Structures are given as structure tokens and as C-alpha cells.
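Observations on chain architecture
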Amino acid sequence: AFAEFGQASFEAVREAADALPAARLRGWAADPGVDQQRRGFYGLALGLVAAADSGEREACRKVLFNVIEQPADDFRAGFDGFLAGVLVADGEAGLAALRARGLLKPSARPVEKRQMLSVLRFAWESLGAEIPQDRVAVATVELLQSPVTAAEATVDLARYRWWAAVDEVASLWTELGDDDPLVRRAVAGYLIACPSPEAKRHAAEIRRLDPD
């Protein structure tokens, strides 16, 4: 059954929310002995139940936030699924709650910033009715300042055609690009794709400073 859900589209899984066993999901999500590869789906499923069933909503949300707030000093398998579950359950308020917990700040753990970037992509592609896409883009901009997410966040913003971040993206050429060629590749791609005069100005300045 887990394999079938893994192959299904998010919309198909959403349609099955009424049949998902809320009590069992809460138990599996809270059990440290459960198969770690499945935890992410259980977190997402809890979010779906919370959004679909008002009677189960608070109990499912409590488990989601309990998992997110547990201290950790290493990789947590499936953590991105719990982050996604919060967004599914609470929409824009859920994104604000994750931001308030510091998961987008430069001081956040690198692995969790990468997981947040993945969750924001999911929100952009699948949660447009719950979270306005401009809010997702603005949250992605916050991840530009971290060396571990700067290049990928820049590529995502170009894919979203979010040109309001042109100044922040251009500044990465010197702020982080000296240490990471992938950042410079991403910045160049963004500036080439961006149609604004500011992008052309930034690109010209970069050519002047760094012709090679």
C-alpha cells in the first residue's frame, strides 16, 4: 500500500484523505521504531487528514508540530514530509508557523534548509489553492543567503519567473560565488532569463568586473 501511494499523484492521495486511518497515522508518526523511509508520507498524510476532517484536525496537527519541534543534531528521515503536512493542514498560516520556527533563517541546520526548499517546491506545484505562489517565492528568496541552498533557490526563482529578487540574486555573484561555481552558474542563468532592465545592468556590471 505504501508503494502504491508513493507512485500516486498528490491529487490522487488527497482524494483518499477521508479513508486514511488518522489514529494509526498518529501512532506511526510518533513511533521512533517505525520504518524511517515511510515517515515522510505519514507526515503528509496527517496534514491531509487535518485538512479534510475537522474532528481529527487538532490531534493530527499536534503530532505534526511535536515532530517538527523535537531537537535534533542529525538528519531526520521524512522530516520534509512533516513540513509538507503542516502546509497542507494550515496553508499560508502553516508557512508562517514554519518561518516563525526559524527554518528559513541562515542559522537553521543545513539539512533542514534543504528540506524546506524541497517543501517550497511542493507548495508551488501542488498547493496553489492553499498558499499564494507569491508567498512561496518570497519564502524561497530567504534561502538565497545560505551557501547550502543559494544555487538551488536561485534556479527555483528563475523557474518561477520571480524577477523581484534580481538584486538579491545578483549580489550572490560576489557574496557566495567566489566559493561556489554553482552559485555563479545559477546567478548567470537567472540574469540571462530575467527580462528586466535591472538584470541587464547587473549582468553588464558582472562582465565588467569578471570578464572571464
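It should be noted that the structure appears before, not after, this text.
Below you will find a few notes about this structure. For every chain, the first residue of its written sequence is number 1, and the numbers climb from 1 along that sequence. The model is predicted, so local features are restricted to residues of pLDDT at least 70 and side-chain atom pairs to those at 80 or more, both for listing and for counting; the totals for chains, interfaces and linings are taken over all residues. Note that the side-chain values use all heavy atoms of the structure and ignore hydrogens as well as water.

**Things to note about the overall build of the protein**
Comment: elements are numbered from the N terminus, with helices defined as DSSP H or I runs of at least four residues and strands as E runs of at least two. When helices and strands are tallied, the protein shows 13 helices and zero strands. In the protein, the order of α-helices and β-strands from amino to carboxyl end is α-α-α-α-α-α-α-α-α-α-α-α-α. The dimensions of the protein, computed from C-alpha atoms along their principal axes, are 60 × 35 × 30 Å. Relative accessibility thresholds used throughout: buried, under 20% of the residue-type maximum; exposed, over 50%; partly exposed, between the two (1.4 Å probe, protein chains only). Out of the 212 residues belonging to the protein, those deemed buried represent 47%. Residue pairs at least 24 apart in sequence account for 63% of intrachain contacts in the protein once pairs closer than 6 positions are excluded. Asp and Glu are treated as the negative residues and Lys and Arg as the positive ones, with His and the ends of the chain left uncounted. A charge is said to be at NZ when it belongs to Lys, at CZ for Arg, at CG for Asp and at CD for Glu. On the protein, the mean spot of the 25 positive side-chain charges and the mean spot of the 32 negative ones are 1 Å from each other. Whether two residues are in contact is decided by their heavy atoms: any pair within 4.5 Å suffices.

**Comments concerning the side chain of H202**
Here H202 is to be found in helix α13 (residues 197-209). Of note is the side chain of H202, whose polar atom sits 2.7 Å from the side chain of D167. Apart from residues no more than four positions distant in its own chain, H202 is found in contact with V166, D167, A170 and L191. Here a polar contact means two N or O atoms within 3.5 Å. Within protein one must be a hydrogen donor candidate and the other an acceptor candidate, and residues neighboring in sequence count only if both atoms are side-chain atoms.

**Section: the side chain of R184**
Relative to the helices and strands, R184 is located in helix α12 (residues 181-193). With near-sequence residues (within four places) excluded, R184 lies in contact with W173, G177, D178 and D210.

**What to know about unusual backbone geometry**
Note: most peptide bonds trans; most residues except glycine with negative phi. The backbone phi angle of R161 is positive, close to 60 degrees, even though this residue is not glycine. With respect to the secondary-structure elements, R161 resides in the loop between α10 (150-160) and α11 (166-175).

**Some remarks on α11**
Listed as buried for α11 are V166, V169, A170, L172 and W173. The buried residues of α11 occupy one face: seen down the axis, they fall within an arc of 140 degrees. The inward-facing, buried residues of α11 abut α10, α12 and α13. Read the arc as the range of directions from the helix axis to the C-beta atoms.

**Examining the packing of aromatic side chains**
A pair of aromatic rings is counted whenever rings of Phe, Tyr or Trp (Trp by its six-membered ring) have centres within 6.5 Å, and the orientation is called stacked for planes under 30 degrees apart, edge-to-face for over 60 and tilted otherwise. Across all of its chains, the model carries seven aromatic pairs by this definition. For the pair F10 and F122, a centre-to-centre distance of 5.0 Å together with 90 degrees between the ring planes defines the contact as edge-to-face. With F10 in helix α2 (residues 10-15) and F122 in helix α8 (residues 110-126), the pair connects residues that are 112 residues apart, well separated along the chain. Like F10, the residue F122 is buried in the burial classification. Taken together through their ring pairs, the aromatic side chains of F2, F5, W28, F41 and Y42 make up a single cluster.

**As for the packing of α11 against α13**
Orientation of α11 relative to α13, taken along the N-to-C sense of each, is 10 degrees, at an axis distance of 10 Å. Comparing their axes, α13 and α11 come out roughly parallel. Along the contact surface, α11 presents V166, D167, A170 and W173, while α13 presents E198, A199, R201, H202 and I206. In this count, Pro and Cys sit with the nonpolar residues alongside Ala, Val, Leu, Ile, Met, Phe, Trp and Tyr, while Asp, Glu, Lys and Arg are called charged and the others, Gly among them, polar. Class assignment of the residues belonging to the contact of α11 with α13 gives a composition of five nonpolar, one polar and three charged. With axes taken as lines fitted to C-alpha atoms, and helix axes fitted only over the stretch in contact, angles between N-to-C directions fall between 0 and 180 degrees. Convention used here: angles under 35 degrees read as roughly parallel, angles over 145 as roughly antiparallel, angles from 65 to 115 as roughly perpendicular, and any remaining angle as oblique.

**Some points on the pattern of salt bridges**
For side chains of opposite charge, pairing can occur when their charged atoms come near one another. A pairing counts as a salt bridge when a side-chain nitrogen of Lys or Arg comes within 4 Å of a carboxyl oxygen of Asp or Glu. This structure, assessed with the given rule, holds 21 salt bridges. For the salt bridge of R99 with E142, the shortest nitrogen-to-oxygen distance reads 2.6 Å. Of this pair, R99 sits in helix α7 (residues 92-100) while E142 sits in helix α9 (residues 133-142), and the two are 43 residues apart along the sequence. Its relative accessible area of 28% is what places R99 among the partly exposed residues. Given the relative accessible area of 29%, E142 is considered partly exposed. E152 is the salt-bridge partner of R114, the closest N and O atoms lying 2.8 Å from each other. On the criterion of sequence distance, the pair formed by R114 in helix α8 and E152 in helix α10 is long-range, its members being 38 residues apart. Through salt bridges with shared partners, one network takes in R114, R121, E125, E152, D156 and R159.

**Here we look at α9**
Taken residue by residue, α9 has V136, A137, A139, T140 and V141 as its buried positions. Looking at the buried residues of α9, the elements they touch are α7, α8, α10 and α11.

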